[in-house]
Each structure stands twice: as C-alpha cells, then as structure tokens.
Amino acid sequence: MKWKTLLLIVSGIGLLWMSTGAFADTYPIQTAPALDQSNNIRNYLMRVASDVTHHSLDGIETLDDWKKIRSQRYQQYLEMMSLTDVPLEGERPAA
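The sections below set out a description of the structure shown in this document. Since the model is a prediction, treat every value here as computed from it, not as a measurement.

As for the overall build of the protein chain
Inference 1: Looking only at helices and strands, one finds three helices and zero strands in the protein chain.
Inference 2: In the protein chain, the succession of α and β elements from N to C terminus is α-α-α.
Inference 3: Across the 95 residues of the protein chain, 4% fall into the buried class.
Inference 4: Of the roughly 9,200 Å² of accessible surface on the protein chain, a fraction of 61% belongs to carbon and sulfur atoms.

Structure representation (structure tokens):
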C-alpha cells in the first residue's frame with residue numbers, strides 16, 4: 001500500500017514540475033504567423049483590398065464621369081452587401 005502512495009506522490013511532483021515550464025525551451029512555439037509566404041491568405045486579401053482602394057476611381061475624372069457610372073457602382077455595392085432583395089426606398093416593415 002505504501003508503494004502506491006509513494007508512486008502517486010512522485011507522479012504528482014513530476015506533473016507539477018512539467019507544468020511549471022521546465023520544457024518550454026525544448027519545444028518553442030511560434031505564436032506569430034509567417035507573413036512572408038506567397039500563399040498567405042491575409043497577405044492576399046490585404047493586397048487585393050489595397051488594389052481596390054487605390055484603383056476605385058480609375059477612369060473617373062469629372063463629375064459627369066461619376067454621374068454616368070454611379071448607378072452601376074451602386075448596384076454592384078447592393079449586390080456585394082446582399083441587399084438586392086431588400087426594399088431600400090419607401091416604407092419599411094418594423095422589426
């Protein structure tokens with residue numbers, strides 16, 4: 001009976017010692033993502049968002065140019081926001 005108690009105490013001390021971080025240097029954990037990979041989805045989305053932002057007004061030089069394309073851009077916006085079936089004008093139903 002005494003050997004079981006001793007085994008439990010030694011096991012408990014060993015688990016306690018391991019949980020204090022004694023092996024932290026043995027198994028380094030990388031917590032920051034590697035952003036230098038060409039297939040990184042975050043980099044891709046940031047690049048595409050930047051392109052959209054910087055080229056959104058390409059070809060629009062005057063107010064008349066904007067007035068010509070405004071309705072098309074508005075429809076594209078509504079489609080991207082999934083608002084094509086939502087009544088945007090007139091009386092709206094209460095929530």
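There's more to say after this.
Considerations on helix α3 (residues 63–80)
Inference 1: In this model α3 runs 24 Å from its N-terminal to its C-terminal C-alpha over 18 residues, within 8% of the 26 Å that 1.5 Å per residue would give.
Inference 2: The sharpest bend along α3 measures roughly 45° and falls at Ile69.
Inference 3: Ser82 occupies a position one or two residues after α3 and carries a positive phi of about 55°.

A short note on unusual backbone geometry
Inference 1: Within the chain, Ser82 stands out as a residue other than glycine whose phi angle is a positive 55°.
Inference 2: Among the structural elements, Ser82 can be located in the segment after α3.

Brief notes about the side chain of Asn40
Inference 1: Structurally, the position occupied by Asn40 is in the loop between α1 (2–19) and α2 (41–55).
Inference 2: On the accessibility criterion, Asn40 (13% relative accessible area) is buried.
Inference 3: A polar side-chain atom of Asn40 sits 2.8 Å from the main-chain amide nitrogen of Arg42.

Here's the deal with α2
Inference 1: With 15 residues, α2 extends 21 Å between its outermost C-alpha atoms, agreeing within 8% with the 21 Å of an ideal straight helix rising 1.5 Å per residue.
Inference 2: Regarding α2, its N-cap is Asn40, as a side-chain oxygen of that residue lies 2.8 Å from the backbone nitrogen of Arg42 further along.

Quick notes on a nonpolar patch on the surface
Inference 1: Taken together, the side chains of Ile41, Tyr44, Leu45, Val48 and Val52 present a nonpolar region at the surface, about 470 Å² in accessible area.
Inference 2: Examined against the element boundaries, Leu45 turns out to sit in helix α2.

Thresholds, definitions, all that
Residues numbered from 1 in each chain as written. Predicted model: local features only at pLDDT ≥ 70, side-chain atom pairs only at ≥ 80, totals over all residues. Heavy atoms only, no water. Helix = DSSP H or I, 4+ residues; strand = E, 2+ residues; numbered from the N terminus. Buried < 20%, exposed > 50% of the residue type's maximum accessible area, 1.4 Å probe, protein only. Areas by Shrake-Rupley, 256 points an atom, 1.4 Å probe, with all protein chains shown as cover. Expected span 1.5 Å × (residues − 1). Bend = angle between axes of the 7 residues up to and from the residue. Polar contact = N/O pair within 3.5 Å; in protein donor to acceptor, adjacent residues only side chain to side chain. Patch = residues over 30% accessible without salt bridge, like charges linked within 9 Å, V, L, I, M, F, W, Y side chains within 5 Å. Salt bridge = Lys/Arg side-chain N within 4 Å of Asp/Glu carboxyl O.

Bear in mind that shape data such as this cannot, by itself, settle questions of function.
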